[in-house]
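Understanding the architecture of this molecule
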Amino acid sequence: MDCNARSLLFILPLLLSRVVPVFPIIYPPNEVNLLDSKASQGELGWISYPSHGWEEISGVDEHYTPIRTFQVCNVMEYSQNNWLRTNWIPRQSAQKVYVELKFTLRDCNSIPLVLGTCKETFNLHYLETDDDQGSHFREHQFSKIDTIAADESFTQMDLGDRILKLNTEVREVGPMTKKGFYLAFQDVGACVALVSVRVYFKKCPNTVRNLASFPDTVPIDSQSLVEVKGSCVNHSKEEEPPRMYCSTEGEWLVPIGKCLCNPGYEERSNTCQMCRAGFYKAALGNAECSKCPPHSFSHHEGSLHCGCEKNFFRADGDPASMACTHPPSAPRNVISSINETSVILDWSWPEDAGGRRDVTFTVVCKRCRGNGAPPRCEPCRSGVRFLPRAAGLVNTTVTVGELLAHTNYTFEIEAQNGVSPLAPRMRQYAAVTITTNQAAPSPVTVIKKEKTSRNSVSLSWVEPERPNGIILDYEIKYYEKEEQETSYTILRARGCNVTLNGLKPNTAYLLQIRARTAAGYGASSPSFQFETSPDSAFSISSESSQVVLIAISSAVAIILLTVLLYVLIGRFCCHSKSKHPDEKRLHFGNGHLRLPGVRTYVDPHTYEDPSQAVHEFAKELDASCIAIDKVVGAGEFGEVCSGRLKLPSKKEICVAIKTLKGGYTDKQRRDFLAEASIMGQFDHPNIIRLEGVVTRSKPVMIVTEYMENGSLDSFLRKHDAQFTGIQLVGMLRGIASGMKYLSDMGYVHRDLAARNILVNSNLVCKVSDFGLSRVLEDDPEAAYTTRGGKIPIRWTAPEAIAYRKFTSASDAWSYGIVLWEVMSYGERPYWEMSNQDVIKAVDEGYRLPPPMDCPATLYQLMLDCWQKERNNRPKFEQIVSILDKLIRNPGSLKITANTTSRPANLLLDRSSSEAPSVGTMGDWMDGMRTLPCKEAFSGVSYSSCDTLAKTSTEDLKKIGVTIVGPQKKIVSSLKALDSHTKNGPVPV
Ligand code: ACK
C-alpha cells in the first residue's frame, strides 16, 4: 500500500473518537458474545493472506482504551484477493450465530485514478471445524456468507470535515454443527477499515415469571419455539405448572401457570418473603400479608395467624382475619311472670356481646329447697318443658312449663357466644328465683254414657290429662236441660264413674264434671248431654205391684240360696285342689325356710303340660265379658290395655288386659301364660290380682286388676316431692308386705324394681311382673352377664350377678334399691354409671348415697339390705316391722341421713359392715373415691379442709365429675367434712 493510500485510512482510528459511544457498550441480555474484537486489548493475532493485504492497526477509543482494527486499501492495483481470517471461535451451545461488522468504506469516486480497480464491497466467509487449525489456511475451504457493501461510504471531504460514516452490518450463520468455526473477510480491492467484529448467539436469559424461575435457554434452530418448564421460587408452591416458550430471537413468550407464596410469606420483587412481625398470612397465595386483627398479635416474622391477647379467643370456625373476641356479659333485666306452674322469662341483651354476633342464650332450671342461705338446689327434672327450648335461644324470652306447684326455682340465664366454651371462667349469667303457684287439674274431656234407664244413668270418664297432683274427688253437676241451670244437683265421686239416680224419665239433662286436687277445683268439662229412657207403656197398679214385689223377693231368695251352695262347693273344690301344689313342692327349692301352714308356690314349668297349670291357677274368662278401652303400654308379648270386666251377676270392674300379639310361637304362648299361672297362685293386697285368662279365643289375654297410677317409677317421677314421708313409707310397707308374702310362698321374684310395682288410685303399691327366666328377658334393664344370663344389674345382689344365686335374700337387696328409688322419687340407681362400673363399685364395697332428705332410718335399712353377706340382710318380715314402727312414730322420719354425721363420708359409700372409721383427711379422701370420681380426684391436690369445703359443683365439673348425683354428694360431703374436722372425727 502506498503512502498516499495509507494516509487515506490511517486517520480512521483518530476519528473513532467521534463515533464510538461515550459510555461503555452494554449488549442486550439475550446476546452471548463468542467474539468481540473491541474487547481485546492486545493484538488479535488474526491471519492475513497475503501478508501485505489486511493490516492490523492499534488505536484508542474516546476513553483512550486501545482497540484493534484491520484495514486494507489496495485500490490502485488490479486483482486483489486479500483474506483476513479470525482465530478459531468455539461455538458453545449456539446453533445459529450472528456476525456484526462495523466498518468504514472509502467511496471510490473520491479517490483519484482508481477507476477500474477500486471496489466498494468485501466478502464474508466462514469455515466450520471441530478443532483449531492454527495458521493453516485454505481459501477454498471457506463458504461465503455474503458480500458486504457499505450503506454509506466516506469521501475526502468527509475526512476533512472529520465526519466518519460507520456502517454496521449483521449476518446470520448457521445452523452450525461443528465445535467451532473461523470467519474470513475477503477484500477484492476496496478501501475498507474493519472497526469491530462481534460474533454472538442469542439465548433466552434466565428469568423469574409468576414466581417461577426459568433457566438460560438457547433456542434450537430447527424449532421456532422451545417449551421450558419453570420451577417455583423458594417458599412458594405450584398452583398450575409454570411454563414458557423461548423464541429463536431469545425472547420469552407466553407464560403459563404460576406459583403462589406459602402461608406466612408474601411476594416481594419476584421472591416470597416472610411476613413482618405484626402481620400474618394464613393461606397460600400472592396476597400481601395482612395486619393482625384487633386484640391479636404476631411477634415473629412469617406468622400464619395472630395469637389472641389475654382473655380474648378465637372460635373454631373464626377466620384468621377476624378480631379475637370474648364471652358476652350476663343478660340484663330478667323479668319473670308466673302463671300457675309455668313461668315466662324475659331479659335484655347483654351489655357487651364480646365482639361477636353469634350470641345465644341458655336457661338452666334449678329446683331449690330449704329457706336457709344458700338454698339447696338441684337440676330440674326432665319433665320441665322449655318453649321454644332451653339452649341456643336467639330471642330474649322463654316459657318454662310443667313445673311443680308451690316450688322454688332458680333460673340461670347465660348469654353465650362462639368463644364461651373456651373461657369457662369468664362466663356470666343472670339468675332469677321464683316460686310457682299451685296448678289446678286440667278439665275432664272424655265422658261416656255406660247405661241409661228411666230414672238413672251410669257414666264414666277419663282422668284429666294433667291432674297436677293427686285427684281427691270429682264434682258432678247436672240439671234438666230445659231448666237452664236454675236448679241443679251436685254429687261427688272418688273414681271415674258415677250413677245418677232419681232422674225424670224421658228427659234431657246436661252435666259437667270437674276434678279436685289439693290445689282446688280444675276447670269444668264441656257440658255433656244425656237423656233418660221413656216411661213404659203401662203403669203398674198397686195390687199388681205387690205381686211383682213377692215375685222379686222369691227370686232374690232363690239366687241367695244358689250363691250359698256355690260357695260351699267352691270351698270344697279349692281344698281338694290345694293339695295339688304341695305335691309339686319338691321341684323348686331356694333354701328358703317356709312357714308352716302357708301355701307354697308351684313352678308352672314343673307341669308336663304348662297349659294345665294355667287352668289350675287361673280362671278362664269369656272374651265377651271384657271390653277394651285403650292401650296403656307395651309389654314384650303385646299391648297392655285398660278396660272393663263384667262377669255375670258381678259388678263391672276396671281391669288391665295384657294381650299376646298374633303370630306367637308355642313357647311364647307358654311363657306368656306362665305369668298368669304364677300370679294366680297369689292372693295378697300387695300382689297384683289375677282376674283370669282368655286362652280359648284370640287374642290370648291375661286380665288383672287395674292400677290407676301405673308403674311406681314413672308415678314417682311425675309427682316429684309431692308426698309426705309417711305416704312414702306407706307405699314401701306395702311392697315389703307383698314381698314377705312371696318369700313365705317360696317365690323369688328376681326382678324387684320400682318399674315392676304398680300403684292404684289409693296409693296402694302392688308387686307385679311375674315369670321365670322370661321376666328378665322382658326387662329392658336386664343385661347379659358373663355367665350368659340376663340380669338387671343395678337392682341385683352381687351373688346373683356372680353365680346366679337368686334367693329371697337377693330380693331383699333389690328391695333396698327400690327403697332408694322411692326416696329419690324415681332417680335411676347409680345414675349414668355403666353396668360394669356398678358391678365393680359394689364389689369394692361402695354403696349408693342417701337420697336427698332421706330419713336416716330408711337409709340404714337400705344399707342393711345391701350387706354383702346375704344372711346379714333383713328378712321381709323384719322390714315390714321396721316400717310399721316408723309409721307409728313419724317423728323418727325427721332425722335425715344427710344431716346426721354418720354418712358424712358417703358418696357411693362402703357398706357399713366393711367401712373402717374415718378419722383422717387421707382416710376420708380414700372413702371419697367413688368410681366416677376416683380418677378425677386423683388429679386434685388438697391442702386443707377449708379449701375442700369451698368446692362447688362447678369445680367438680371441671375435674371431670359430671354426674349430678355424685356432684351433689361430694359437695354436701365436703361441707359435712368441714364441720366434722372442726367438731372432731365422725364415727361410722
Ligand atoms: O307405667 P304404666 O302406665 O303402667 O305403663 C306400664 C305399661 O302398662 C306396660 O307395663 C301399665 N300396666 C301394666 N299393668 C297394669 C295394671 N294392672 N294396671 C294399670 N296399668 C298397668 C304399666
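Each value, and the rule that gives it
- Numbers given to residues run from 1 along each chain, matching the order in which its sequence is written.
- For a predicted model such as this one, the threshold for reporting local features is a pLDDT of at least 70, and the threshold for listing and counting side-chain atom pairs is 80 or more; totals across whole chains, interfaces and linings nevertheless cover every residue.
- As a convention, hydrogens and water are excluded, and side-chain values are obtained from all of the structure's heavy atoms.
- A cutoff of 4 Å decides nearness: a residue is near a molecule or strand if any of its heavy atoms lies inside that distance of it.
- Polar contacts, as counted here, are pairs of nitrogen or oxygen atoms within 3.5 Å of one another; within protein the pair requires one atom able to donate a hydrogen and one able to accept it, and residues that are adjacent in sequence qualify only if both atoms are side-chain atoms.
- In these tables, accessible area is a Shrake-Rupley quantity obtained with a 1.4 Å probe, and a residue counts as shielded only by the protein chains included in the view.
- Helix numbers and strand numbers start at the N terminus; a helix is a DSSP run of H or I with at least 4 residues, a strand a run of E with at least 2.
- Three residue categories are used. Nonpolar comprises Ala, Val, Leu, Ile, Met, Phe, Trp, Tyr, Cys and Pro, charged comprises Asp, Glu, Lys and Arg, and polar comprises the others, including Gly.
- Interaxial angle, 0 to 180 degrees, is taken between N-to-C directions of lines fitted to C-alpha atoms, where a helix line uses only the stretch in contact.
- Contacts are assigned to residue pairs that have any heavy atoms within 4.5 Å of one another.
- Pairing between strands requires that DSSP locate at least two bridges from one strand to the other.
- Burial classes follow relative accessibility: with a 1.4 Å probe on protein chains only, a residue under 20% of its type's maximum area counts as buried, one over 50% as exposed, and anything between as partly exposed.
- A score from 0 to 100, pLDDT tells how confident the predictor is in each residue.
- When two cysteine sulfur atoms are found within 2.5 Å, that pair is recorded as a disulfide.

Our next topic: the site of the ligand. In the vicinity of the ligand lie 14 residues, with Ala656, Thr704, Glu705, Met707 and Ser711 positioned nearest. Take Thr704: an N or O atom from its side chain is 3.3 Å from a nitrogen atom of the ligand. Ser711 is positioned with one of its side-chain polar atoms (N or O) 2.3 Å from an oxygen atom of the ligand. In isolation the ligand exposes 450 Å². Once the protein is present, 75% of that is buried. Every element with two or more residues in the shell around the ligand is listed here: strand S41 (626-634) and strand S45 (701-705). Per element, the largest residue contribution to the shell around the ligand is 3 residues, and it comes from S41. When its residues are assigned to classes, the shell around the ligand shows 8 nonpolar, 5 polar and 1 charged.

Right, let's talk about the packing of helix H11 (residues 808-823) against helix H14 (residues 876-888) for a bit. Between H11 and H14, the shortest axis-to-axis distance is 10 Å and the interhelical angle comes to 35°. Contacts between H11 and H14 pair Ser808, Asp811, Ala812 and Tyr815 from the former with Phe876, Ile879 and Leu883 from the latter.

Attention now moves to the sheet that holds strand S33 (residues 447-452). Read from one edge to the other, the open sheet built from 3 strands follows the order S33-S34-S37, with strand pairing classed as antiparallel. With one partner strand each, in any of the chains shown, S33 and strand S37 (497-500) form the two edges of the open sheet. Geometrically, the sheet is characterised by an average inter-axis angle of 20° between neighbouring strands, direction not taken into account. Judged from the 5 bridges that link them, S33 and strand S34 (residues 457-461) form a sheet pairing that is antiparallel. Residue pairing for S34: Lys449 is matched across the bridge by Leu459.

The next point concerns the pairing of strand S15 (residues 225-229). The side-chain alternation of S15 yields one buried face, formed by Val226 and Val228, and one unburied face, formed by Leu225, Glu227 and Lys229. Examined bridge by bridge, S15 and strand S17 (residues 236-247) share 5 bridges and lie antiparallel to one another. By the bridge assignment for S17, Glu227 is matched with Tyr245.

Following Tyr49, the chain continues into Pro50 via a peptide bond in cis, with omega recorded as -20°. Within the secondary structure layout, Pro50 lies in the loop between strand S2 (47-49) and strand S3 (55-60). Here Lys698 and Pro699 are connected by a cis peptide whose omega angle stands at 0°. Assignment of secondary structure puts Pro699 in the loop between strand S44 (690-694) and S45. You will see that Glu402, though not glycine, has its phi angle at about 60°, which is positive. Given the relative accessible area of 46%, Glu402 is considered partly exposed. In this structure, Asp853 is a non-glycine residue whose phi angle is positive, near 60°. Looking at the element boundaries, Asp853 is found in the loop between strand S50 (846-847) and helix H13 (856-865).

The side chains of a regular strand alternate between the sheet's two faces. Here 4 bridges tie strand S19 (residues 265-268) to strand S20 (residues 271-274), and the two strands are oriented antiparallel to one another. Within S20, the position partnered with Tyr265 by the bridge is Met274. Two successive antiparallel strands, S19 and S20, enclose a turn made up of 2 residues, where Ser269 displays a positive phi of approximately 35°.

Our focus in this paragraph is the confidence of the model for the protein. With 77% of its residues at a pLDDT of 70 or more, the protein has an overall mean of 80. Between residues 567-597, whose pLDDT stays under 50, and residues either more than four places distant or in other chains, the model counts 30 contacts.

This next bit is on the state of the cysteines. Taken as a whole, this structure holds 10 disulfides when the rule is applied. Disulfide pairing is shown between Cys365 and Cys380; the S-S distance is 2.0 Å. Judged by the sign of its S-S torsion, about -70°, the bond between Cys365 and Cys380 is left-handed. Remark: Cys380 occurs in the loop between strand S28 (376-379) and strand S29 (385-387) and Cys365 occurs in strand S27 (residues 360-369); sequence separation between them is 15 residues. Overall, Cys365 belongs to the buried group, its relative accessible area being 6%. A relative accessible area of 18% places Cys380 in the buried class.

Now for the sheet that holds strand S31 (residues 408-416). Judged by pairing direction, the sheet is antiparallel, and its 4 strands sit side by side in the order S28-S27-S31-S32 without closing on themselves. The sheet terminates laterally at S28 and strand S32 (429-435), the two strands that pair on one side only. Taken over all neighbouring pairs, the strand axes of this sheet differ in orientation by 30° on average, direction set aside. Here 4 bridges tie S27 to S28, and the two strands are oriented antiparallel to one another. Its bridge partner lying in S28, Arg367 is registered against Glu378.

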